[in-house]
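Residue-level listing of the chains:
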Amino acid sequence: MDTIDDHRDFPRQFARTQRFSLGVPQALTLSPDGSSVLYVRTRGPEDRAGCLWRLDADGERLLADPAALADPGGEVPPEELVRRERARQRTTGIVGYAADRAVRLVAFALDGALWTADPAGLRPPRRHPTAGPVIDPRPDPTGRRVAYVTGGALHVRDLATGADRVLAAPESGEVAYGLAEHVAAESMHRHRGYWWAPDGERLLAARVDTAPVARWWIADPADPAHPPRETAYPAAGTANAEVSLHLLDADGSGRRTEVVWDRAGFEYLAAASWDAHGPLLSVQSRDQGTVRVLAADPATGATRLLHEQRDPKWVELVPGTPARTASGALVHTEDAGGTRFLAVGGAPVTPEGLQVCEVLSVDGESVLFTACDEPTEEHLWSYGPEGGAVRLSEGPGLHTGQRAGGALLLSSLTEGGRDIRVLPPAGAAGSGGELRVPCLAARPVVTPRVTWLRAGEHAVRTALLLPSWHRPGSGPLPVLLAPYGGPAMRLVVRAATWPLAEAQWFAEEGFAVVVADGRGTPGRGPRWDKSVYKDTLEVPLADQVTALHAAAAHCPDLDLGRVAIRGWSFGGSLAAMAVLRRPDVFHAAISGAAPSDQRLYDTHWRERFLGHPDEDPEAYDRCSPITSAAALERPLLLVHGLADDNVVAAHTLRLSEALLAAGRYHQVLPLSHATHGPSDPVVVEGLLRHQVKFLRDALNTAPRAAV
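The following refers to the structure shown.

### What to know about the overall build of the protein
A tally of helices and strands in the protein yields 12 helices and 44 strands. Taken over the C-alpha trace, the protein has a radius of gyration of 25 Å; the compact-globule value for 707 residues is 27 Å, and the two agree within 12%. With the C-alpha coordinates of the protein rotated into their principal frame, the extents come out at 75 × 60 × 55 Å. In the protein, buried positions account for 57% of the 707 residues. If you take every contact in the protein between residues at least 6 apart in sequence, the share linking residues at least 24 apart comes to 60%. Counting every atom, the protein has about 27,300 Å² of accessible surface; 51% of that belongs to carbon and sulfur.

Written out as structure tokens, the structure reads:
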């Protein structure tokens, strides 16, 4: 690695390290006795190939190295590339794995091949013949078999006999078994399509039929000889894939039972699992106003209603729910007033004002979950019937974890960096002490210097970042707002995240940077979340203006005559709307990968906030920059990846077309081969430098002299 020790080298470091994600341990699994932990991690901060590791009291051990295992002729199947794009996985090599219940066997795919490994490291990894390129291999809980998907068919391989059985084969080219459909993976937090029974004898599998879904074609204009890729994309107001669930015998007997529910009234399969009480599923209506939790009879497939939740706007799907305790008490969330509560056995068990984010696990009658009582932090919590809800993590940051064998794996990202520890049971005799999982991520050459503010009557959490060289009264600073501002994430957090590091780099380039999480961003409860219903941009834009004025009141050096805004995805739509609707405040904008024509985005995500386009077309028009194109009077740069299959490039092209028709000058920067999250280091570095040049030109700001 070349020496990178100056803020001007930040774009190169940012690009090479994949936004500082390389070298970070991922997919951690604590062993049942709590004595060791498995994880995937690259070898360093610029290495993109994931390896499988194990850590215990004797130190770290490499279990599987893709460089030693890879087949030169192997290739990642297209379906796996799509799965990775939905999961936002940017590495190569081993990107994930699955383990049996005892964590004595792990299975993973490498370039389409099926491999198993021994976590104890007593035997080398073993490759297994398969019927085709492998997607999502998973051992059964007993470790006797491994299921996988290939060519849309769900297979099971017996590890003792080598027998490979097809449990469900697609009836046509539009059908696949065992995989999540687009909206499930992109918008519902469900990336899986099959689930093992606890005894390893049967599986619950999704059948996805995309025949009703419209076909789109993602071409590569930079390579006209390459044929376009077909994708089944359910745009707002159009047909979804038909999803059903089936109970399959793992022994290949061919016995198959369909799980029965009102699929016409509840076409979304939001979640599924199979615990000691049987199959459990959550289904949602097309308008997303009703969610039902159903228990399925494993013998007949009949379902019975366990819980129903309704909301006049939408019912939020919370990762990890529903679940059940050992006694069968249902674990879910419940929205009441301004709080998203954890509910167990039908009763809320967390205090008002604590916003549940995710249920991580259920062990006996105890529930491990993450929650926010302050939106700039996220903590690890535990609930038990005897002690109630107890916070397990300390200090500002983003905290999550696991429990097993009385040990606690605590993963924390704070302003000081990342810390992953395994804490032994309190008072455990002969304990070797805590384990620290090595993190090899690069430290940014710029350190965020954040002033934390609360703006306006809604106390909008705001981060103000100034150049390290700036002194009060030393001169006016042009201002750059850098929001996401939407329901998928928050940026104003007390942690060393890449968006704050990126914001500090823009500050070092001569800007005062303001990052604000307004209404509609997660972590502040259902009333806050749903304030954007039927108009996703007006309230968030107003909150950005409020944050700007609060930052200027705190630091009078902010030059409100030179204010720009940049954003990506939802943030890109927000940036475009800022210069279209509030040119009195915003003087330039960079809009990246933005959903500009709301009718082109997927059913589940877009209809959640705007309803069905046939029923409320005005809501779609209100939230589309295209309808306001003629109002542009400020510099606007549109950026889009041409291989984006989430927010397709047509969004930006249609906005550009409308701007041209209205005679409004603007710039368009297409990114060849780039998806929704550009990952090519050359593209990522060049894009950052290009944006700075655009902002300087637009705001008539000279570069800061080198020192």
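### Observations concerning empty space enclosed by the protein
The final tally for this structure, using the stated rule, is four cavities of 30 Å³ or more. Lining the largest cavity we find T536, L537, F570, S573, P595, Q598 and R606. The class makeup of the residues in the lining of the largest cavity is three nonpolar, three polar and one charged. A volume near 40 Å³ is recorded for the second largest cavity. The class makeup of the residues in the lining of the second largest cavity is three nonpolar, two polar and four charged.

### Digging into the packing of aromatic side chains
How two aromatic rings sit relative to each other is given by the distance of their centres and the angle of their planes. Scanning all chains against the criterion turns up 12 aromatic pairs. With 5.0 Å between their ring centres and 80 degrees between their planes, W314 and F609 make a pair best called edge-to-face. A residue pair is termed long-range when its members are at least 10 positions apart, and W314 in the loop between β24 (303-310) and β25 (323-324) and F609 in helix α9 (residues 603-610) qualify at 295 residues. W314 sits in the buried class, given a relative accessible area of 1%. For F609, a relative accessible area of 2% corresponds to the buried category. Members of the aromatic cluster, connected to one another through ring pairs, are F10, F14, F20, W498, W505 and F506. Over the aromatic face of W498 sits the side chain of R19, whose NZ or CZ is 5.2 Å from the ring centroid.

### With respect to the pattern of salt bridges
Here the structure, examined in full by the defined rule, presents 50 salt bridges. Ionic pairing is found between R286 and E267, a salt bridge with its closest N-O pair at 3.4 Å. In this pair, R286 is assigned in the loop between β22 (278-284) and β23 (290-296) and E267 in the loop between β20 (256-259) and β21 (268-275), connecting sequence segments 19 residues apart. Among the salt bridges present, the one from R461 reaches E374, with a minimum N-O distance of 2.9 Å. Of this pair, R461 sits in strand β38 (residues 460-465) while E374 sits in the loop between β30 (366-372) and β31 (379-384), and the two are 87 residues apart along the sequence. Per residue, the accessibility class of R461 equals that of E374, and both read buried. What emerges from the salt-bridge pattern is a single network uniting R86, R88, E186, R229 and D645.

### Describing the sheet that holds strand β35 (residues 417-423)
Overall, antiparallel pairing links the four strands, which are arranged β33-β34-β35-β36 in an open sheet. At either margin of the open sheet sits one strand with a lone partner, and together these are β33 (398-404) and β36 (435-436). As paired elements, β33 and strand β34 (residues 407-414) share seven bridges and run antiparallel to each other. Residue R403 lies in a different strand from β34, and its bridge partner there is L408.

### Quick word on α9
The buried fraction of α9 is high, at eight of eight residues. Taken as a whole, α9 has its buried residues at T603, H604, W605, R606, E607, R608, F609 and L610. Looking at the buried residues of α9, the elements they touch are α4 (182-187), β21, β22 and α10 (617-622). If you check the start of α9, you find a side-chain oxygen 3.1 Å away from the backbone N of H604, and it comes from D602. A positive backbone phi angle near 75 degrees is found at G611, which sits one or two residues after α9.

### So, the environment of D557
If you trace the backbone, D557 turns up in the loop between α7 (538-554) and β41 (558-568). Judged by its relative accessible area of 12%, D557 is buried. Sequence separation of D557 and P141 is 416 residues, and the distance between their C-alpha atoms is 61 Å. In this structure, D557 is in contact with H470, R471, P472, G473, S474, G475, P476 and L477, ignoring residues within four places of it in sequence.

### Digging into the pairing of strand β12 (residues 153-158)
When you tally the buried positions in β12, you get six out of six residues, the bulk of the element. Neither face of β12 is open: one carries A153, H155 and R157, the other L154, V156 and D158, and all of them are buried. Both strand β11 (residues 145-150) and β12 contribute to a ladder of six bridges, which runs antiparallel. Note that in β12 the partner of R145 across the bridge is D158. What sits between β11 and β12 in their antiparallel hairpin is a turn of two residues, with G151 showing a positive phi close to 55 degrees. Strand direction decides the pairing type here: β12 and strand β13 (residues 164-168), joined by four bridges, are antiparallel.

### Here we look at the sheet that holds β30
With respect to topology, four strands assemble into an open sheet ordered β29-β30-β31-β32, the strand pairing being antiparallel. Here the strands that pair on one side only, and so sit at the sheet edges, are β29 (355-363) and β32 (388-391). Pairs of neighbouring strands in the sheet enclose a mean axial angle of 25 degrees, with direction left out of account. As judged from the four bridges shared by β31 and β32, these two strands associate in the antiparallel manner. Paired with Y383 across the two strands is A389, which belongs to β32.

### Description of the side chain of R190
For R190, the location among the structural elements is in the loop between α4 and β15 (194-196). Here L269 takes part through its backbone oxygen, which lies 3.0 Å from a polar atom of the side chain of R190. Residues within four places of R190 in sequence aside, it is in contact with A180, E181, A184, A185, W195, L269, A270 and A271.

### Considering the pairing of strand β19 (residues 242-249)
The buried fraction of β19 amounts to seven of the eight residues, a majority that puts the element mostly inside the structure. In this sheet, β19 lies alongside strand β16 (residues 202-209) in antiparallel orientation, the contact comprising eight bridges. Paired with L204 across the two strands is L247, which belongs to β19. Judged from the four bridges that link them, β19 and β20 form a sheet pairing that is antiparallel. Paired with L248 across the bridge in β20 is R256.

### Quick look at the packing of α7 against helix α8 (residues 570-581)
Interaxial distance between α7 and α8 falls to 10 Å at its minimum, and their mutual angle equals 75 degrees. Judged on the interaxial angle alone, α8 and α7 are roughly perpendicular. Contacts between α7 and α8 involve E538, P540, L541 and Q544 on the former and, on the latter, F570, L574, M577, A578 and R581. Split into classes, the residues belonging to the contact of α7 with α8 amount to six nonpolar, one polar and two charged.

### Some words on the nonpolar core
Counting 93 residues, the largest nonpolar core has V513, V515, L558 and F586 as its most contacted members. Discounting residues that sit within four places of it in the chain, F586 has contacts with L481, L541, V545, V563, I565, A578, V579 and R634. Core analysis: the next-biggest nonpolar cluster, separate from the first, contains 20 residues, A241, F266, W274 and L281 among them.

About the cut-offs
Residues numbered from 1 in each chain as written. Predicted model: local features only at pLDDT ≥ 70, side-chain atom pairs only at ≥ 80, totals over all residues. Heavy atoms only, no water. Helix = DSSP H or I, 4+ residues; strand = E, 2+ residues; numbered from the N terminus. Rg over C-alpha atoms; globule rule 2.2 N^0.38 Å. Buried < 20%, exposed > 50% of the residue type's maximum accessible area, 1.4 Å probe, protein only. Contact = heavy atoms within 4.5 Å. Areas by Shrake-Rupley, 256 points an atom, 1.4 Å probe, with all protein chains shown as cover. 1 Å grid on protein atoms, 1.4 Å probe; cavity = no way out; pocket = protein on both sides within 12 Å on 5 of 7 lines; lining within 4 Å. Points joined across faces, edges and corners; volume = space filled by probe spheres on them. Nonpolar A, V, L, I, M, F, W, Y, C, P; charged D, E, K, R; others polar. Phe/Tyr/Trp six-rings, centres within 6.5 Å; stacked < 30°, edge-to-face > 60°. Lys NZ or Arg CZ within 6 Å of the ring centre and 35° of its normal. Salt bridge = Lys/Arg side-chain N within 4 Å of Asp/Glu carboxyl O. Pairing = 2+ DSSP bridges. Polar contact = N/O pair within 3.5 Å; in protein donor to acceptor, adjacent residues only side chain to side chain. Axes fitted to C-alpha atoms, helices over the stretch in contact; angles between N-to-C directions. Parallel < 35°, antiparallel > 145°, perpendicular 65-115°, else oblique. Core = buried A, V, L, I, M, F, W, Y, C linked by side-chain atoms within 4.5 Å.

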